[in-house]
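What follows is the residue order along each chain.
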Amino acid sequence: SRELSAGGLLPNGVFSMSVISKCQSPIESSLVSYLQKTIANEDAHNLTLDCQFRVGKYKIDIIILDSNYGPVIAIECDGHEFHSRTKEQAARDRRRDREILDEHEIVTVRFTGSEIFNDPEGCSSYCVGMAKNISYQRFLIEMGMNAVMA
């Protein structure tokens, strides 16, 4: 069972700090902080966050979940320690991303540490916007299915 509220808004509208405490690097913590602000500013309360979220055999750095549709965006923060970006590592990452999409219908977005450091607001806005679009597409599909079934 998934804890969809792990990174959700508390009743007073403040995000739980438990998500940031799960982050394994400063760039993850920074991006989570900006994602929380973006979700709150865009009034996207159906979206929550979690870190080190298990998807099949993989652990995702940051996941954006929709309270109705589950995981929608996997975010990988590629620092030099784990992703020095040799051709082999890049190919392995692409295979992993395709497998997560094919088997779990979750889109993976990758940012370098430099991208997050230089433009955390842009990275955050991109991911939240994409998550909102995917959630809306899933809603439309669900409504279309319900209309066909009626």
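Residues numbered from 1 in each chain as written. Predicted model: local features only at pLDDT ≥ 70, side-chain atom pairs only at ≥ 80, totals over all residues. Heavy atoms only, no water.

Q: Could you give an account of the pattern of salt bridges, with specific residues and numbers?
A: The full count for this structure, using the stated rule, is seven salt bridges. The partner of K57 in a salt bridge is E99, with the nearest N and O atoms 3.7 Å apart. Remark: E99 occurs in helix α3 (residues 87-104) and K57 occurs in the loop between β1 (47-55) and β2 (58-66); sequence separation between them is 42 residues. Judged by its relative accessible area of 59%, K57 is exposed. Take E99: its relative accessible area is 23%, and that puts it in the partly exposed class. Across the pair D93 and R110 runs a salt bridge, and its minimum N-O distance is 3.7 Å. (Salt bridge = Lys/Arg side-chain N within 4 Å of Asp/Glu carboxyl O. Helix = DSSP H or I, 4+ residues; strand = E, 2+ residues; numbered from the N terminus. Buried < 20%, exposed > 50% of the residue type's maximum accessible area, 1.4 Å probe, protein only.)

Q: Please provide a residue-by-residue account of the confidence of the model for the protein, values included.
A: Residues with a pLDDT of 70 or more make up 82% of the protein, whose mean pLDDT is 84. Here residues 1-14 is modelled with pLDDT under 50, and outside its nearest four sequence neighbours on either side it reaches 27 contacts, counting other chains as well. (pLDDT = per-residue confidence, 0-100. Contact = heavy atoms within 4.5 Å.)

Q: So what about the side chain of T108? Which residues, and what values?
A: With respect to the element layout, T108 can be found in strand β4 (residues 107-112). T108 gets classed as buried once you look at its relative accessible area, which sits at 18%. With residues up to four places along the chain from it excluded, the contact list for T108 reads A74, E76, D97 and I100.

Q: Tell me about a positive patch on the surface, and name the residues and values.
A: Side chains of R92, R94, R95 and R98 sit close together on the surface and give a patch of like positive charge. You can see R92 is positioned in helix α3. Taking relative accessible area as the criterion, R92 reaches 41% and is therefore assigned partly exposed. (Patch = residues over 30% accessible without salt bridge, like charges linked within 9 Å, V, L, I, M, F, W, Y side chains within 5 Å. Areas by Shrake-Rupley, 256 points an atom, 1.4 Å probe, with all protein chains shown as cover. Lys, Arg positive; Asp, Glu negative; His and termini not counted. Charge placed at Lys NZ, Arg CZ, Asp CG, Glu CD.)

Q: Would you mind going over the environment of D93 in detail, with residue names and values included?
A: In this structure, D93 sits in helix α3. Residue classification places D93 among the buried positions, given a relative accessible area of 3%. Along the chain, D93 and R110 lie 17 residues apart, while their C-alpha atoms are 9.4 Å from each other.

Q: Could you give an account of a nonpolar patch on the surface, naming the residues involved and the relevant values?
A: Residues Y136, F139, L140 and M143 make up a contiguous nonpolar surface patch of roughly 380 Å² in combined accessible area. Turning to its location among the elements, M143 is positioned in helix α5 (residues 120-149).

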